[in-house]
Amino acid sequence: MSAQNLPPEGFQMLPGYFDRPNQEALVETLRAALHDAPLFLPVMPRTGKPFSVRMSNCGPLGWVSDIKGYRYQPTHPATGKPWPPIPQALLELWKDVAPDAPSPEACLINYYEPGTKMGLHQDKDEATFDAPVVSVSLGDTATFRIGGTSRGGKTSSMRLASGDVVVLGGDARLAYHGIDRILTGTSTLLKNGGRINLTLRRVTKP
Ligand code: SIN
Ligand code: FE2
């Protein structure tokens, strides 16, 4: 068997896609969205063990995790209200990097306080894997780890800085990935430090 390429084919990293003024504008928009749809602390299915990061969403569907499982739903678990719309700048990003894909339906907002992380996982709760997963990093730099499509395989790691965009398409669409650590104090973008990651996804078959 030939060694698998890492990162897999279909992985794209676009360093500095958003410049500082555009990052600031995006943070302002997110502040308003998070006012309507506050960050919540998800817990793992079955065990109820809390995640390390807090989350919210925008878009017609949002990803949630609770004791019953992982799923997408149209409303915030605490407020019961629909999620706020996906910011225009993110819809334009999607058009730019995934011109052939149907429009995104979910934008997961992850907030990493200093000291938090995200274990290796696949994004596979969607009904279609044809569209890529597109993600934006804001704030402190993170160490991102990516492997192949089998658990326990080889991985490689890289740093994601504020404004960087990652695309998981093609063979990378179901690649294991996670965040090892947040490099505290590496960005002045967020008043209280830490990192925001935005993940755009198509959820349903078009
Ligand atoms: C995720 O996979 O949900 C987040 C990845 C990241 O924070 O860059
Ligand atoms: Fe993910």
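Everything below is about the structure shown above.
A few points on the structure. (Residues numbered from 1 in each chain as written. Chains lettered and ligands numbered in written order. Predicted model: local features only at pLDDT ≥ 70, side-chain atom pairs only at ≥ 80, totals over all residues. Heavy atoms only, no water.)

**A closer look at the coordination of the iron ion (ligand 2)**
The protein atoms that coordinate the iron ion (ligand 2) are His121 (NE2), Asp123 (OD) and His177 (NE2), at distances of 2.1 to 2.2 Å. Around the iron ion (ligand 2), the four donor atoms are arranged such that angles at the metal cover 88 to 176 degrees; this shape is classified as irregular. One chain supplies every donor to the iron ion (ligand 2), and in sequence these donors are spaced H-x1-D-x53-H. Placement of the pair is Asp123 in the loop between strand S6 (118–121) and strand S7 (133–139) and His177 in strand S11 (residues 177–182), with a sequence separation of 54 residues. A residue is classified by how much of its surface remains accessible, and Asp123, at 5% relative accessible area, is buried. (Donors = N, O, S within 2.8 Å, 3.2 Å for Na, K, Ca; no water. Tetrahedral: all angles 85-135°; square planar, octahedral: opposite > 155°, others 65-115°. Helix = DSSP H or I, 4+ residues; strand = E, 2+ residues; numbered from the N terminus. Buried < 20%, exposed > 50% of the residue type's maximum accessible area, 1.4 Å probe, protein only.)

**A short note on the site of ligand 1**
The environment of ligand 1 is formed by Asn110, Tyr112, Met118, His121, His177, Ile179, Arg195 and Asn197. A distance of 3.3 Å separates an oxygen atom of ligand 1 from a polar side-chain atom of Asn110. At 3.2 Å from an oxygen atom of ligand 1 is found a side-chain nitrogen or oxygen belonging to Asn197. Alone, ligand 1 offers 260 Å² of accessible surface; in the complex the protein occludes 97% of this. With respect to the pocket detection grid, ligand 1 is positioned in the largest pocket. Breaking the shell around ligand 1 down by element, the ones donating at least two residues are strand S5 (106–112), S6, S11 and strand S12 (195–201). In the shell around ligand 1, the residues fall into three nonpolar, four polar and one charged. (Near = heavy atom within 4 Å. Polar contact = N/O pair within 3.5 Å; in protein donor to acceptor, adjacent residues only side chain to side chain. Areas by Shrake-Rupley, 256 points an atom, 1.4 Å probe, with all protein chains shown as cover. 1 Å grid on protein atoms, 1.4 Å probe; cavity = no way out; pocket = protein on both sides within 12 Å on 5 of 7 lines; lining within 4 Å. Sits in = over half its atoms within 2 Å of the grid points. Nonpolar A, V, L, I, M, F, W, Y, C, P; charged D, E, K, R; others polar.)

**Re the pairing of strand S8 (residues 142–147)**
The element S8 is extensively covered by neighbouring structure, given that five of its six residues are classed as buried. Bridge count between S8 and strand S9 (residues 155–160): six bridges; the pairing is antiparallel. In the sheet register, Phe144 faces S9, and the bridge partner there is Met158. In this structure, S8 lies alongside S11, joined through five bridges in antiparallel fashion. Each bridged residue has a counterpart across the sheet, and for Ile146 the counterpart in S11 is His177. (Pairing = 2+ DSSP bridges.)

**Some remarks on the sheet that holds S9**
The four strands are arranged S6-S11-S8-S9 in an open sheet whose pairing can be described as antiparallel. The strands lining the two open edges of the sheet, one partner per strand, are S6 and S9. Going across the sheet, the axis of each strand differs from the next one's by a mean of 25 degrees, ignoring polarity. (Axes fitted to C-alpha atoms, helices over the stretch in contact; angles between N-to-C directions.)

**Comments concerning helix H2 (residues 88–97)**
Of the positions making up H2, those classed as buried are Leu90, Leu93, Trp94 and Val97. What you see down the axis of H2 is that its buried residues fit within an arc of 100 degrees, all on one side. Exposed residues lying more than 90 degrees from the buried face of H2 are Gln88 and Lys95. The elements touched by buried residues of H2 are strand S1 (11–14), helix H1 (20–36), S5, S7, strand S10 (165–168) and S12. (Arc of directions from axis to C-beta. Contact = heavy atoms within 4.5 Å.)

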